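Results of the structural survey
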Amino acid sequence: MKVGLFIPCYVDQFYPQVAKATLQLLRKFDCDVEYPTNQACCGQPMANAGFQNRARAAHRSFEKNFDRFDYVVSPSGSCVLYVRDHHPPHISAEEPAGSADLSERTWELCEFLTDVVGVESTGATCSRRVGLHQSCHGLRGLRLGAGSERQLQAENKVRSLLEMVDGITLVDLDRPDECCGFGGTFAVTEEAVSVRMGTDRLADHLSHRAEIITGTDMSCLMHLEGLARRRSESVSFRHVAEILNGDV
Amino acid sequence: MSSAVVESDTEFVALPVIHHARAAAAFTSDAARTDWHDESLWLVRKKRDVAAAAVPEWEELRALASAVKEHTLGRLDEYLVQFEKNATENGVHVHWAADADEHNRIVAQILRERGARRLVKSKSMLTEECGLNGHLEADGVEVVDTDLGERIIQLAGDTPSHIVMPAIHYKKEEIGTLFNRTMGTQEGSADPQYLTEAARADLRKRFFAADASLTGVNFAVAETGGFVVCTNEGNADLGVHLAPIHIASMGIEKLIPRADDLGIFLRLLARSATGQPLTVYSSHFHAPTPGREIHLVLVDNGRSEQLGREAFAAGLKCIRCGACMNTCPVYRRSGGHSYGSTIPGPIGSILAPNRDMKKYRELPYASTLCGSCTDVCPVMIDIHEQLYAWRQEETRAGVQPPFKRLSMLFAGMFLGRPRLYRLGARLMRFALSRLPRSAIYNRWNAWGRERELPQLPEESFRDWYVRTGGTSE
Ligand code: SF4
């Protein structure tokens, strides 16, 4: 099983430890992982800003880098959702006829671990109080869980994985899945509302005495972390991959 | 002739763009009020959750409602003709209005021809959309809104900020002051019971004096020619039963095929709107009682044009429950007025650009695309996907501001081409590590006003991977 590791551009630059944790975690579960070093961005920043026409180069680069893998895995629900929903259809010329579209072979880390690898234990421990921020694109886009709006009983894949970490305490929140207000360019074009949404989310986690805030997307956590550091809050921010990898 | 005037207007007068972000910043600058607004609406969302959870087949109901609406919109022409025929046979006068202006003229004419000078209205977002009150008042008609929320708005000379709770942006103290000024209630009193009683007593006189009543329409049934009006205050019924003339204004998308389908929608509407199992009144109108008249005005006002836009037609499924507003984290923190359109919030943001893409070009961006609206919507409108689609449509139509066009051209180049991406990243790392804090956190850095930038690590993941082969540490 050849797995291509897709690392979102901002994770590459600002959060290398998250990419390392993802790589190590996948290896732990016996995946043959490779990071194609000529990768760039998935194209989401332009497309979500209304300029899907400016994302074409990114789409092509993604195809070129990841076409040859059985699976593409990424520690970002948002980027994966973008690839699934908005990348143009691409079936490899080298693959035998009938092979799956590249976007269908692209997986968010937690759903890959759950649905493909079938992880049942992690061997990781964490003795802290952890607040789970449910990033919207993973939750409502990739359906990593049911979401509080829909009246469904569905397993929350992220939560289930975290529950396999020894000693972890997942804190309950008043609003379990409200958006943090990052939203890509929204964070700057709607700065006032974005900040309000973020500080409200932060306050929810802090009032339940979370020591670590985790999630599937570093972009949301980068926004929340930025707000927390400016306000000198002592809470720390770690990607789910870091906790599952036992880095925390 | 008149259309030529309109055209030259749009050619020479640049229409103002609605700046949601600016209005939202003004709204959030009052932090305590923002908290209060957010909490008030979140409470309604929570009530909705409880009500929805009590219906085991909730998700099936949503799917059914969506399917019925899609089916109806797919053959709206046939159903409208069927509805008109049946309603006319029932003795209802059916009128067709191509746009807001024609709607207003039809209503004014009905009133004028019958010498009606006093009109009581129950809640109708359509007449807000058409600007009916101003039109009738210019004609010398006294218009009284009788829904309590709408009455507050009318007395304040304001516009609704929510489609179900139009005065949700007022605190009870402010309503007390308003009623004191306009109705002479006790100074300083903000007791909701007392204020409601006062409004009720004042309205009662007006109900008895009315020559005609006007209601909206929640659902119209093609096979029977009847229609349903849902209210909580009974004001629609009181108005209709006291005055000899009943005018009902409805958008053409309110149609459903059969009376049997009503059950689906009535079960969803109130639960989604306020968490009630049903609205207090669901009034069915079929035929006028002898000696009285019912006039039904079918209004297009851009709807058939929207129906023709494949990507955006689904917005017409909306049953105006307001759930997408209550759940929207942006709406709750920016208020209904920040959208600058009669219908605010997520649904307003996908409806408004159908009318004027340039004026409302910011609205599809007043969202993080979190998707909560889509999942809460009882008729399963893919609201957040349409927000995304409008953004692309704006680019195609060339209504994006120049700065954005330019920055996206560069972003596309740097983020899409691996070599340029690495070069750009190096430049950024260099700048971030060398520049003094004051240069980085400058006044153009909207991120940094309230947030720190992430800390810069020693090396990027790629550099580490290339250096170590991904194996060290
Ligand atoms: S779009 Fe859906 S949730 Fe929003 S008001 Fe309409 S029916 Fe209700």
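Residues numbered from 1 in each chain as written. Chains lettered and ligands numbered in written order. Predicted model: local features only at pLDDT ≥ 70, side-chain atom pairs only at ≥ 80, totals over all residues. Heavy atoms only, no water.

Glancing now at the site of the ligand. The immediate surroundings of the ligand are formed by 13 residues, with C318(B), C321(B), G322(B), C324(B) and C377(B) found nearest. Of the residues in the shell around the ligand, the class split is 11 nonpolar, 1 polar and 1 charged. (Near = heavy atom within 4 Å. Nonpolar A, V, L, I, M, F, W, Y, C, P; charged D, E, K, R; others polar.)

Let us look at the interface of chain B and chain A. Across the contact, 81 residues belong to chain B and 72 residues belong to chain A. At the boundary of chain B with chain A, total buried surface from both sides reaches about 6,500 Å², with 57% on carbon and sulfur atoms. Three residues, Y388(B), R451(B) and F461(B), lead the burial of chain B against chain A; their summed loss comes to 11% of the area buried on that side. The shortest N-O distance in the salt bridge between E39(B) and R175(A) comes to 3.3 Å. Remark: the boundary between chain B and chain A carries 43 residue pairs in polar contact (both at pLDDT 80 or more). (Contact = heavy atoms within 4.5 Å. Buried area = accessible area lost by both parts, 1.4 Å probe. Salt bridge = Lys/Arg side-chain N within 4 Å of Asp/Glu carboxyl O. Polar contact = N/O pair within 3.5 Å; in protein donor to acceptor, adjacent residues only side chain to side chain.)

Following the sequence through the fold, S61(A) ends up in helix 4 (residues 56-66). Residue classification places S61(A) among the buried positions, given a relative accessible area of 7%. Every residue in contact with S61(A), bar those within four places of it in the chain, is listed here: A40(A), G416(B) and P418(B). (Helix = DSSP H or I, 4+ residues; strand = E, 2+ residues; numbered from the N terminus. Buried < 20%, exposed > 50% of the residue type's maximum accessible area, 1.4 Å probe, protein only.)

A common way to state how big an interface is: give the accessible area lost once the parts meet. By domain assignment, chain B separates into domain 1 (1-54 + 321-397), domain 2 (58-301) and domain 3 (402-468). Computed over C-alpha atoms only, the centres of domain 2 of chain B and domain 3 of chain B are separated by 54 Å. (Domains from an automatic or database assignment.)

Once that is clear, we can look at the packing of helix 2 (residues 16-28) of chain A against helix 6 (residues 109-117) of chain A. All names here are of chain A. Between helix 2 and helix 6, the least distance of the axes is 12 Å, while the angle of their chain directions is 5°. When the axes of helix 2 and helix 6 are compared, the pair comes out roughly parallel. Where helix 2 abuts helix 6, its residues T22, L25 and L26 lie against L109, F112 and L113. Among the residues making up the contact of helix 2 with helix 6, the classes are represented as 5 nonpolar, 1 polar and no charged. (Axes fitted to C-alpha atoms, helices over the stretch in contact; angles between N-to-C directions. Parallel < 35°, antiparallel > 145°, perpendicular 65-115°, else oblique.)

This next bit is on the domain arrangement of chain A. Residue and element names in this part refer to chain A. Partitioning chain A into domains gives domain 1 (2-117) and domain 2 (129-244). With centres defined by C-alpha atoms, the gap from domain 1 to domain 2 works out at 22 Å. Contact with domain 1, which involves 25 residues of that partner, is made by 21 residues of domain 2. Both faces considered, domain 1 and domain 2 share a buried interface measuring about 1,900 Å² in area, 69% of it formed by carbon and sulfur atoms. Its largest share of buried area at the contact with domain 2, domain 1 owes to Y15, L81 and C110, together 26% of the area lost on that side. Linking K157 and D115 is a salt bridge whose minimum nitrogen-to-oxygen distance equals 2.8 Å. Between domain 1 and domain 2 we count 8 residue pairs in polar contact (both at pLDDT 80 or more) in total. Sort the elements by how many residues they give to the side of domain 1 that touches domain 2 and helix 6 lands first, with 6 residues. Partitioning the side of domain 1 that touches domain 2 into residue classes produces 13 nonpolar, 8 polar and 4 charged.

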